[in-house]
Amino acid sequence: MRIQSSLSSSLLFSSALLTGLASASGSFDCHNIIAEGNKYDLSGLHGVHTIYHVDKAEDYIVNTTYVLDICKALGKASIRGDLKCGTSKNICGFQYKYTEDHLEEIGHAFPIAGLDPLGHGSKDAEVTRLKGDGQEGLLVKMAGGEYIDKDKKKKVARAVIEFHCDPDRSGLEGLSSVEDESSEEEEEEEETRRRLVVREDEGDKNKDKDKDKEKTDPNDGSDPSRSLQFESFGPADDDAYVLKLKWRTRYACDNYVRDRKGDGSSHWGFFTWLIIILFLCVAAYLIFGSWLNYNRYGARGWDLLPHGDTLRDIPYIFQDWLRRVINTLQGSGSRGGYSAV
């Protein structure tokens, strides 16, 4: 007994220790998020999504494509052409620098948030509610990346995502999943980058036309119609490089999970309607049949019900059926052959 009790206590201690380590590691579960007593579920935003930003620095045009999946690691989506970011990461950046004359192009990938290459470490996820007048949503901070600046120095990288409550948006407007990307998709991305170079070279005279083109591009991070928007990427006060995104979605509303649980039709609505339809059909049959028997035959009591004799005989029919089943089972279990005298 002492051995069992000591073993159980040690198992309890080990499980508690593992739980503490897991909570201390800053893991992020998008299915179950608790912030200041409110529960949120961002699993509706699952999937690999892309967003890009174009900037002009010195003699180069810089196009950075950000790939993210807040619910799980990117996996093969962290590899784009010859650039590799890390399959255990949640957010990666793929930066392309090329001259205006197209004579030179440089590309490199950098992780922004996620775990170590072997899946260890911590994302140091921090989740808080948005503060401010009239604001409702979540502020999510995720770390675990690094960025090499122009001086060839390694800097810490992380992401800050503001999830703003918008009851009219699912959060996927303008987004397309890239988990099943093919070579055609990569070719389209190359064409997008070339088109962006042309936009920069055309100058201010075609600004209005360029704006119209940007609105039709589903990956443009500056398109206001998109739910996911690019805010900035650069060094912060602590010398770390921070990617800031804004995401408008109904899943960031304080009462969304609670209201969804209270709405039973969202869980088993089909069966609810099926039961209601069957009940209405049976009620209509009984009411119409009783009315018909009363007016045609002047029936009273049980005789009002349609097929009243059959309904009265149902208990006896069920007993006969049950007795027959029992006899069949007992007969199949008896042994054949001669019995002892």
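Only a predicted model underlies this, so the values are computations on that prediction, with no experimental measurement involved.

Chemist: What exactly am I supposed to notice about the overall build of the protein here?
Modeler: Looking only at helices and strands, the protein has six helices and 13 strands in total. Among the 341 residues that make up the protein, the fraction classed as buried is 33%. Counted over contacts in the protein with a minimum sequence separation of 6, partners at least 24 positions apart contribute 55%. Working note: accessible area of the protein is about 22300 Å², and carbon and sulfur atoms make up 55% of it.

Chemist: Is there a simple way to think about the pairing of strand β4 (residues 60–68) in this case?
Modeler: Side-chain positions along a regular strand alternate between the two faces of the sheet. Counting buried positions over the nine residues of β4 gives eight, a clear majority of the element. Pairing analysis gives nine bridges linking strand β3 (residues 49–57) to β4, with the strands arranged antiparallel. Looking at the pairing, Val 54 lines up with Asn 63 of β4. Here β3 folds back onto β4, and the loop between the two strands holds two residues, one of which, Glu 58, carries a positive phi near 55 degrees.

Chemist: How should the layout of surface pockets be read in this particular structure?
Modeler: A water-sized probe, rolled over the atoms, reveals where empty space remains. Roughly 800 Å³ of internal volume is contained in the largest pocket. Lining the largest pocket are 25 residues, and of these Val 62, Gln 95, Lys 97, Tyr 147 and Lys 150 lie nearest its centre. At the level of secondary structure, the elements contributing two or more residues to the lining of the largest pocket comprise β3, β4, β7 (89–99), β8 (105–114), β10 (137–148) and β12 (228–235). Looking at the lining of the largest pocket, the element that brings in the most residues is β12, giving five residues. Per-class residue counts for the lining of the largest pocket are twelve nonpolar, six polar and seven charged.

Chemist: Whenever I open this one, the pattern of salt bridges confuses me. Can you help?
Modeler: As a working rule, side chains carrying opposite charge can pair if their charged atoms are close by. If you walk through the whole model with that rule in mind, you get seven salt bridges. Where Lys 154 meets Glu 146, a salt bridge forms, and the shortest distance between an N and an O atom there is 4.0 Å. Residues joined by salt bridges that share partners form a network here, namely Glu 36, Arg 129 and Asp 254.

Chemist: Got a minute to help me understand unusual backbone geometry in this structure?
Modeler: Comment: phi is negative for the bulk of residues other than glycine, and the bulk of peptide bonds are trans. Not every positive phi belongs to a glycine, and Glu 36 is a case in point at roughly 55 degrees. Counting through the fold element by element, Glu 36 comes out in the loop between β1 (33–35) and β2 (38–40). Positioned with a positive phi, Asp 239 is a non-glycine residue whose angle comes to about 70 degrees. Looking at where Asp 239 falls in the secondary structure, it is placed in the loop between β12 and β13 (241–249). The class for Asp 239 is partly exposed, based on a relative accessible area of 40%.

Chemist: Sorry, what's going on with a nonpolar patch on the surface here?
Modeler: Nonpolar side chains collect at one region of the surface, where Trp 273, Ile 276, Ile 277, Phe 279 and Leu 280 lie side by side and expose about 570 Å² of accessible area between them. Its location among the elements puts Leu 280 in helix α5 (residues 265–297). Overall, Leu 280 belongs to the exposed group, its relative accessible area being 51%.

Chemist: When you look at the state of the cysteines in this model, what are you seeing that I'm missing?
Modeler: One covalent bond between the sulfur atoms of two cysteine residues makes up a disulfide. For the structure shown, the criterion picks out three disulfides. The disulfide partner of Cys 30 is Cys 71, and the gap between their sulfur atoms is 2.2 Å. Across the disulfide from Cys 30 to Cys 71, rotation about the S-S bond amounts to roughly 120 degrees, and the bridge is consequently right-handed. On the criterion of sequence distance, the pair formed by Cys 30 in the loop between α1 (2–24) and β1 and Cys 71 in the loop between β4 and β5 (79–80) is long-range, its members being 41 residues apart.

Chemist: Would you explain the packing of aromatic side chains in this entry?
Modeler: Two numbers describe a pair of aromatic rings. These are the distance of the centres and the angle of the planes. Scanning all chains against the criterion turns up eleven aromatic pairs. Ring geometry for Phe 110 versus Tyr 147: centroids 4.8 Å apart, planes at 80 degrees, classification edge-to-face. Pair noted here: Phe 110 is in strand β8 and Tyr 147 is in strand β10, with a separation of 37 residues, a long-range link. On the accessibility criterion, Phe 110 (2% relative accessible area) is buried. Where Phe 233 meets Tyr 241, the ring centres are 5.8 Å apart and the plane angle is 40 degrees; that geometry is what we call tilted.

Reading the values: rules and limits
Residues numbered from 1 in each chain as written. Predicted model: local features only at pLDDT ≥ 70, side-chain atom pairs only at ≥ 80, totals over all residues. Heavy atoms only, no water. Helix = DSSP H or I, 4+ residues; strand = E, 2+ residues; numbered from the N terminus. Buried < 20%, exposed > 50% of the residue type's maximum accessible area, 1.4 Å probe, protein only. Contact = heavy atoms within 4.5 Å. Areas by Shrake-Rupley, 256 points an atom, 1.4 Å probe, with all protein chains shown as cover. Pairing = 2+ DSSP bridges. 1 Å grid on protein atoms, 1.4 Å probe; cavity = no way out; pocket = protein on both sides within 12 Å on 5 of 7 lines; lining within 4 Å. Points joined across faces, edges and corners; volume = space filled by probe spheres on them. Nonpolar A, V, L, I, M, F, W, Y, C, P; charged D, E, K, R; others polar. Salt bridge = Lys/Arg side-chain N within 4 Å of Asp/Glu carboxyl O. Patch = residues over 30% accessible without salt bridge, like charges linked within 9 Å, V, L, I, M, F, W, Y side chains within 5 Å. Disulfide = S-S within 2.5 Å. Phe/Tyr/Trp six-rings, centres within 6.5 Å; stacked < 30°, edge-to-face > 60°.

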